[in-house]
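# Report on the structure
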Amino acid sequence: MRERLFPGDRLAAYVVLGALGLVTVLPLLYMIVLALQSDAEVQSGDPVLWPAELQWSNFTRLFEAAPFGRFFVNSFVMAGAITVAHLIFDPLVGYVFAKMDFPGKRIAFVAVLSTLMVPFFVRMLPIYAIFANLGWIDSYQGLIVPFLMDAYGIFLMRQFIKPLPDELIEAARVDGAGEFRIYLRVILPQCKPAMAVLGLFTFVFQWNEFLWPLIATSRTEMRTLPIGLTLFNQEYFTQWNLTAAGALLLFVPTALFFVITQKFLVEGIALSGLK
Amino acid sequence: MPSLDRRSFLQLGLGATVLGAVGTGCSPATPAAQKQDARTFTIYWNAGHGYQVYKDVIDQFGKDHDLEMNWQKFQWPDLTTKLTADFRSGNVPDLVEEVSAGTGTQYGLAGNVLALDEFATADQAFGFPGDFIDQAVVARQYEGTTYSIPLHLTANGLVFYNKEMIDKPPATWDEFLDLARSTTKDKVSGTALNSDASYAAPFYSQQNVDFSQVGAKQFMVPQDGARKALQFMQDLIFTHKASPAPVATTDYSGPQKLFSAERAAMFVSGPWDIGPIRQGSPDIDLGLAVPLTGAVQASSMAGSGLMIPAKAKDPELSWELITRLTAVKTELAATKESGMSMPRKSWAADPAVAADPNLGTIAKALAVVADQDVALAASGKAAQITELWKKAYQQMIIQHAPVEQTLADFRKQAGAAL
Amino acid sequence: MIRRRQAATAWLFLTPAVLFFTLLFFLPIGNQLLTGLYDADGVSFVGLGNFSRALSDPEVVHSFLITLLYAAGTLIVGTAVGLGLAVILNQALPGRTLFRSLLLIPYLTSVSIVGLLWRNILDPQVGILNRLLESLGLPGQTWLSTHPLATIVGITVWSGAGYTMVLFLAGLQGIPGLYYEAARIDGAGPWRRFFAITLPLLAPTTLFVSIIGLISTLQQFALPYIVTGGGPGNATSLYAHRLFIVAFNDNDFGYASALSVLLLIVVLVLSLAQLRIGDRANA
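Only a predicted model underlies this, so the values are computations on that prediction, with no experimental measurement involved. (Residues numbered from 1 in each chain as written. Chains lettered and ligands numbered in written order. Predicted model: local features only at pLDDT ≥ 70, side-chain atom pairs only at ≥ 80, totals over all residues.)

## Side note on the domain arrangement of chain B
Residue and element names in this part refer to chain B. Short version of the rule: Domain extents, as shown, originate in an automatic or database domain assignment. The way it works is that DSSP assigns letters per residue, a run of H or I at least four long becomes a helix, a run of E at least two long becomes a strand, and they are numbered from the N terminus. Note that Gly is not counted as nonpolar here; it falls among the polar residues with everything else outside the nonpolar set of Ala, Val, Leu, Ile, Met, Phe, Trp, Tyr, Cys and Pro and the charged set of Asp, Glu, Lys and Arg.
Each assigned domain of chain B is listed here: domain 1 (40-153 + 303-367) and domain 2 (156-299 + 381-417). Put simply, the middle of domain 1 and the middle of domain 2, counted by C-alpha atoms, are 28 Å apart. In terms of residue count, the dominant contributor to the side of domain 1 that touches domain 2 is helix α16 (residues 357-367) (5 residues). Taken together, the residues of the side of domain 1 that touches domain 2 sort by class into 2 nonpolar, 6 polar and 1 charged.

## Some points on the sheet that holds strand β6 (residues 149-150) of chain B
Residue and element names in this part refer to chain B. Applicable threshold: For two strands to be treated as a pair, DSSP must find at least two bridges joining them. Once C-beta atoms have been placed from the backbone, residue pairs whose C-beta atoms lie within 7 Å are recorded as contacts. Angular values range over 0 to 180 degrees, each being the angle between N-to-C directions of two axes fitted as lines to C-alpha atoms, with helices fitted over their stretch in contact.
With mixed pairing, 5 strands are arranged side by side in an open sheet as β2-β1-β3-β15-β6. Sheet topology places β2 (68-74) and β6 at the edges, where each strand pairs with a single neighbour. Across the sheet, helix α3 (residues 76-89) is in contact with β1 (40-46), β2 and β3 (95-98); its angle to β1 comes to roughly 140°. Packing of helix α12 (residues 315-325) onto the sheet brings it into contact with β1, β3, β6 and β15 (305-307), and relative to β3 it is tilted by some 45°.

## Quick notes on the confidence of the model for chain C
Predicted coordinates in areas of low pLDDT are best not read in detail. All names here are of chain C. Basically, it comes down to this: Per-residue confidence from the predictor is reported as pLDDT, a score between 0 and 100.
Per-residue confidence for chain C gives a mean pLDDT of 87; residues scoring 70 or more make up 96%. Averaged pLDDT values for the elements of chain C fall to 83 in helix α14 (residues 253-282) and rise to 94 in helix α3 (residues 58-89). For this predicted complex, the interface score ipTM comes out at 0.87, while the overall pTM is 0.88.

## Examining helix α2 (residues 52-65) of chain B
Residues and elements named next belong to chain B. Selection criterion: One less than the number of residues in a helix, times 1.5 Å, gives the span that helix is expected to have. The exposure label follows from counting other C-beta atoms within 10 Å of a residue's C-beta, where the C-beta atoms are placed from the backbone and the thresholds are 20 or more for buried and 12 or fewer for exposed, leaving partly exposed in between. Think of it as the arc spanned by the lines of direction from the helix axis to the C-beta atoms.
The end-to-end C-alpha separation of α2 is 20 Å, in line with the 20 Å expected for 14 residues at 1.5 Å each. Looking only at α2, the buried set comprises Tyr 54, Val 57 and Ile 58. Down the axis of α2, the sector holding all buried residues measures 95°, keeping them to one side. More than 90 degrees from the buried face of α2, the exposed residues found are Gln 52, Asp 56, Asp 59, Gln 60 and Lys 63. Positioned one or two residues after α2, Asp 66 has a phi angle of 55°, which is positive.

## Quick word on the sheet that holds strand β12 (residues 264-269) of chain B
Residue and element names in this part refer to chain B. The strand order across the open sheet formed by 4 strands is β9-β12-β8-β13, and the pairing between neighbours is mixed. With partners counted over all chains shown, the strands left at the sheet margins are β9 (189-191) and β13 (286-289), one partner each. Mean inter-strand twist for the sheet, computed between neighbouring axes without regard to direction, equals 20°. Bridge analysis of strand β8 (residues 158-162) against β13 gives 4 bridges, and the strand direction is antiparallel. Considered in β13, the bridge of Tyr 161 is made with Gly 287.

## Considerations on the interface of chain C and chain A
Facing 70 residues of chain C, the contacting portion of chain A comprises 72 residues. A per-element tally of the side of chain C that touches chain A places helix α1 (residues 2-34) of chain C first, with 18 residues.

## Side note on helix α9 (residues 223-238) of chain B
End to end, α9 of chain B covers 22 Å across 16 residues, agreeing with the expected 22 Å (1.5 Å per residue, within 8%). Structurally, α9 of chain B contributes buried residues whose contacts are with α7 (173-182), β9, α8 (201-205), β11 (218-221), α18 (382-397) and α19 (403-417) of chain B.

## Observations concerning the packing of helix α8 (residues 151-161) of chain A against helix α11 (residues 203-218) of chain C
Applied cut-off: Each angle is binned into one of four classes, with values under 35 degrees roughly parallel, values over 145 roughly antiparallel, values of 65 to 115 roughly perpendicular, and all other values oblique. When the near helix sits turned anticlockwise from the far one by under a right angle, the crossing is termed left-handed; a clockwise turn instead gives a right-handed crossing.
Where α8 of chain A meets α11 of chain C, the closest approach of the two axes is 9 Å, and the angle between their N-to-C directions is 165°. Taken together, the axis directions place α8 of chain A and α11 of chain C in an arrangement best described as roughly antiparallel. Of the two possible hands of crossing, α8 of chain A and α11 of chain C adopt the one that is right-handed. Here Tyr 152, Phe 155, Leu 156 and Gln 159 of chain A of α8 of chain A come into contact with α11 of chain C, specifically with Pro 204, Thr 205, Leu 207, Phe 208 and Ile 212 of chain C. Tallied by class, the residues present in the contact of α8 of chain A with α11 of chain C amount to 7 nonpolar, 2 polar and no charged.

## Side note on unusual backbone geometry
Between Val 221 of chain B and Pro 222 of chain B the backbone carries a cis peptide bond, its omega angle lying at -5°. In this model, Gly 231 of chain C is joined to Pro 232 of chain C through a cis peptide bond whose omega is 0°. Within the element layout of this structure, Pro 232 of chain C appears in the loop between α12 (222-228) and α13 (239-249). Positive phi, close to 50°, is recorded for Met 220 of chain B, a residue that is not glycine. Residue position: Met 220 of chain B is located in strand β11. Judged by the 24 C-beta atoms lying within 10 Å of it, Met 220 of chain B falls in the buried class. A positive phi is found at Asn 251 of chain C, a non-glycine position, where the angle reads about 60°. Within the secondary structure, Asn 251 of chain C sits in the loop between α13 and α14. The exposure class of Asn 251 of chain C is buried, given the 23 C-beta atoms found within 10 Å.

## Thoughts on the environment of Ser 260 of chain C
Of note, Ser 260 of chain C is situated in helix α14. Once the C-alpha coordinates of Ser 260 of chain C and Gln 32 of chain C are considered, the two residues, 228 residues apart in sequence, prove to be 9.6 Å apart. Setting aside its immediate chain neighbours within four residues, Ser 260 of chain C contacts Val 118, Pro 119 and Val 122 of chain A together with Leu 33 and Leu 243 of chain C.

This is how it looks when you write it as structure tokens:
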């Protein structure tokens, strides 16, 4: 039996959601409108609400202008590998900081956290110089290695693991389970919702990363999608229709990834309901 | 729980210091080895200049020398970022398009790009500097050394006007103001000013104002002319309401779009806006007129160049590609493809160019480009001072800050930056 | 004995992290920061000169102040909106999955696209928003000129609200339903349950959201870089944007390094203070 906060609370909730939903969705719908405009409409100076003729060919023009298929694969390899690495390392380190006691823990945690506080472009140039020496420019390892784990994910996992009852761990220890086994069999299964969130955010962030792929690649076949999108800005104006079409292309995988993790999130709800 | 006290803070600081000290061991000062394939030839280019003509020249060059041509296209700010990183790590391309005159000088004096005079002297047939329009050359030289070769040459200061709204284009500031006011009605503005500070250059040049005199540590002088020019622009917006206040964005196509939508009767810009207008609104009867005359008639120079990084694998090869890309034949073909105007005198003299009315107008604008202060680029502070100017310009044009005071503040800050 | 063994295990688990952060964070950053002691040419040693220059540089001081405003605005509005949405969408409302998905879409979109899109929409002369307002008979807006910083805050909240919402949703799901049952039996109403159970048990999430939010807003540079270029004037030239300009536009890496040290100190102090308050409240 549902309780009411006040009469009509459900209606109020829908009004709020509807309004925010519109503010969220309308600009993105406009992006679709932009993507389907002709070159003339984009340059006409009059904002176009609906193109006279839907220019689906804008999408094929993308692939003719540059190897977007290849950009897509590169982006996928980069973001995918980094996401997997984060899912392996971040919960482990987060668990250590959340549940283990050891000398130097405070400093270590602050040191890890401090890595979040310097903009990436500050550490970018030394890494670039080293990677150039290693011959890692224009390589997948060059794109991936600087982002194998990060303090964001570690912090996220620490915050999620901390409220888990210590008794779970103690009980497993009494049963004679090894430390790594405890982590793997007791802690990790509890973390599914958090890991879904971590995986989603990591993938989205890396998928859209611009600066490092710009610097670390200098061959067309190693470029990623966000770099490819900049090819359509002319010197003095933006080729809006193609840029928007590319942006939609960029958006599809992150949306798919979200749909997948959404299921995990629902599963997380089911689990906590059983408790 | 890790509560964090002062002690751990100090330890962190100590740790960071130690690590930093170790870090210098692998300083980026050591040049990175060229791990790139020696048969790959890398070119950085502006994404808006990826003409088929250039692609053909580059492909042919690759065939002739059995090289794999790696032609990378960027937006200007991205190209600058990438190049900065490259120079600092030693992992550089073989040929780079220069955003505008002066950039090469700045890089060259820092030892990042090569002086090109020896190549040019040894290559008489190339015709540098004799066959190139003087201003484009002079602006790329410092104390007798040339750091880049002009690729394109255009001018900001042309008057674009809609022939259905304006019969006879303005020639003087008074005429411009009168026309701007008389054509302003309902949804149409007489003109539209740009949010980008470089579009102020034609106006202050028409008052004989120098942006900088680095030798004398002066900026925007003579002060009277500078005040007059900026006040004129500000009044167009806030007093006469003959132009909408531009909006601060990184997109400079606002005036062109208003003109294309027939919501501005005329505006001041360069040849790059011809294409978008034709494409977006083929029905507009576009008129193109020579730069205005204030105290003098003047335009401001624009257009990219080509430079060779100091650590390029084989500068001789890079030079050869420069000569092919800037050959008059290539220039004429590029003009035909894109409408871009070019720096060679023999290009301007070509019948195909002379016969084209638009190109004729552009050529007249090129004849009155204002001189650039080469010492500004040489000071290494050009980018920083341009940034300060951008701020001052937007404060006057968008935020309606008092002209006199803002110019004075700019002079003070720019002087301090030097 | 057990303690020592646990310490050994902990450091063993941390080994990859220690290697990674040392090689790819501490060494490069330390290396870069040392250049903060040098002149723009990287040769002449200026000691702390770059630091005193920063403190008396009006552009830097201005950018720092507006960055604080930007961070405060974004954090307060963003956290409130995100938490509100999460609480609403944690109810058994029909269609909640749809709304969750819709609201997260902006976060899935790359920040450069978000910036370009809003720049296009908000343009007072040629943007779609004023065209719509006009057709409804409403006066047009010029927010990018009249309220530039608030506009950047708005765009940030727009793109990040769904992200905050998801974090809070995940946090809400971690709260055992048992507690609510017990409270209900004790006769606590929904508001009381929210303040007595939900908020306190969400504290780790709230702490995370606010610290990460603070860290990222203090380093925001992409939005002003793409939308306004820092303008009009220097109204949206946030600190990290200025830092980027100093490094990659002015090529003054010594100064840029000094600026990043100052940023590191400020962010570190603020987030440690937050962490300490948060952890104490948790304990």
